[in-house]
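Summary of structural features
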Amino acid sequence: MSAYHPLTEQEAIEIARSLGGFFTEGAELQSREIGDGNLNLVFHISDSASGKSLIMKQALPYAKVVGESWPLTLDRARIESEVLRSQGSLVPKLVPEVYHYDPELALTIMEDLSDHVIMRHGLIEGQRYPKFAEDISDFLAATLFYTSDLGMNQQQKKLRVGEFINPELCKITEDLIFDDPYTLSSNNNFEEAIADEAAALRSDSELHFEVAQLRHKFLTHSEALLHGDLHTGSIFITPESTKMIDPEFAYYGPMGFDVGAIIGNLLLNYAGHEHWSQDSASRAEYRAYLLETIRDIWVGFERKFRSLWQAHGIDRLANSAEGYRDYYLKRVLQDSIGFAGCKVVRRIVGLSHVIDIDRIPDDAARERAQRIALAIGKGLIKLNRQATSIDEVLELATKTTQVQ
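What counts as what
Residues numbered from 1 in each chain as written. Predicted model: local features only at pLDDT ≥ 70, side-chain atom pairs only at ≥ 80, totals over all residues. Heavy atoms only, no water. Helix = DSSP H or I, 4+ residues; strand = E, 2+ residues; numbered from the N terminus. Buried < 20%, exposed > 50% of the residue type's maximum accessible area, 1.4 Å probe, protein only. Contact = heavy atoms within 4.5 Å. Expected span 1.5 Å × (residues − 1). Polar contact = N/O pair within 3.5 Å; in protein donor to acceptor, adjacent residues only side chain to side chain. Axes fitted to C-alpha atoms, helices over the stretch in contact; angles between N-to-C directions. Parallel < 35°, antiparallel > 145°, perpendicular 65-115°, else oblique. Left-handed = near helix turned anticlockwise from the far one by under 90°. Nonpolar A, V, L, I, M, F, W, Y, C, P; charged D, E, K, R; others polar. Pairing = 2+ DSSP bridges.

Turning next to the environment of Gln278. Inspection of the secondary structure assignment puts Gln278 in the loop between helix H9 (255–276) and helix H10 (280–312). The exposed category is assigned to Gln278, whose relative accessible area is 72%. The spacing of Gln278 and Ser389 is 111 residues in sequence and 32 Å in space, taken between C-alpha atoms.

Here we come to the environment of Leu225. Topologically, Leu225 is positioned in strand E9 (residues 224–225). Residues Leu225 and Gly256, 31 residues apart in the sequence, show an inter-C-alpha distance of 11 Å. When residues no more than four places from it in sequence are discounted, the contact partners of Leu225 are Val83, Ser86, Thr143, Leu144, Thr147, Arg160, Phe164, Ala250, Tyr251 and Tyr252.

Taking 1.5 Å as the rise per residue, H10 with 33 residues should run 48 Å; its terminal C-alpha atoms sit 47 Å apart, in good agreement. Where H10 starts, the residue carrying a side-chain oxygen 3.2 Å from the main-chain nitrogen of Ala281 turns out to be Asp279.

This next bit is on the packing of helix H7 (residues 195–203) against helix H14 (residues 363–383). The geometry of H7 relative to H14 is characterised by a closest axis approach of 11 Å and an angle of 15° between their N-to-C directions. As judged from the angle between their axes, H7 and H14 are roughly parallel. As H7 runs across H14, the sense of the crossing is left-handed. Note on element contacts: H14 touches H7 through Arg371, Leu374 and Lys378, opposite Asp196, Glu197 and Leu201. Residue composition of the contact of H7 with H14, grouped by class: two nonpolar, no polar and four charged.

A large share of strand E2 (residues 40–47) lies buried, amounting to eight of its eight residues. Residues of E2 alternate between two faces, with Asn40, Val42, His44 and Ser46 on one and Leu41, Phe43, Ile45 and Asp47 on the opposite face, all of them buried. Direction of pairing for strand E1 (residues 29–33) relative to E2: antiparallel, over a ladder of five bridges. Note that in E2 the partner of Leu29 across the bridge is Asp47. Here eight bridges tie E2 to strand E3 (residues 52–59), and the two strands are oriented antiparallel to one another. Pairing of Asp47 across the sheet is with Lys52, part of E3. In textbook terms, the turn of a hairpin is the stretch between consecutive antiparallel strands, and for E2 and E3 this stretch comprises four residues, one of which, Gly51, has a positive phi near 80°.

For the pair helix H12 (residues 324–349) and H14, interaxial distance at closest approach is 7 Å and the crossing angle is 150°. When the interaxial angle is binned, H12 and H14 end up roughly antiparallel. The way H12 lies across H14 gives a crossing that is left-handed. From H12, Ile337, Gly338, Ala340, Gly341, Cys342, Val344, Val345, Ile348 and Val349 reach across to H14, where they touch Gln370, Ala373, Leu374, Gly377, Lys378, Leu380, Ile381 and Leu383. Counted by class, the contact of H12 with H14 contains 12 nonpolar, four polar and one charged residues.

This is the structure we're talking about:
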């Protein structure tokens, strides 16, 4: 294959044929381009005779949501493939298997997860996933502990930080999450019905103070190798299985950013059920399920992280200093709450929204959901440094829906 160019479906089939031993020789392969994200081409290659299939993901040199005027590095494909393999070595059942990576084409070939659904779609439909809290807390505890100074050789970790420098995609996060929503920006996107809310974000000095501190942590705290974009659209799921995908925003950053991303996206769905639930009783029941899931995620993460630290911690002083584990995990909780709030706010007034809310067809219900989400997001941001328990998040969300 020649130097980099966006693949056609036929070229994708030819590459699939070249993978030794996956498809039988002469198999009649079909290809569909199924990418619905902003940054990549995604091909589903299948052989109906054998039932075998795989996914090819090729990075584009620009953001599809904007076009070629927003160029992006192709090195993110290397980062994604290496992170998936790193995560796979720690939690092999929770990420897709990577079969092959082609650096010239910025192409990753991996396990097909077509028997799963995108979690965001399932939550909109009111589905429940009994294993999710256990799976995601396993994923967070293992991937964050073992890539941190607590769980790996600290000199080797410094070299790893350099391997996963990801400035262009970090810049997207820095702008879209920690800057644009709080100023007049051409990137912002919100409906006229909530223009008053957008104006309030721009003038809230208390909020700006908190966001500035969270932005500083994102910029400077290289605690662990993050997924970097861990939302419910980056999770494939069934009632029995959870798979985290798309870690192309990965870099070494604050642990709470990954934990907060999950919490924030569950709360966006919580707000969206202003419409998606059929009546007030089912709405209250499903929202209670979402809040219980948030509690279970944090409690499971903290318990598992502490257990890994106790058994495998490599830093003598961090292991022995009285009260340090409690201090450390309290700070991760506070960061998680603040980052969750930033994630929620961005998805309502920023460049890229979520279908949990944007696809609500009724204007009045959609506006209520937007206002609920913004109230929760702002509340979490202002709460973060004072928080001592995950229950404060649940109480804030519950009170917000009672007031709105």
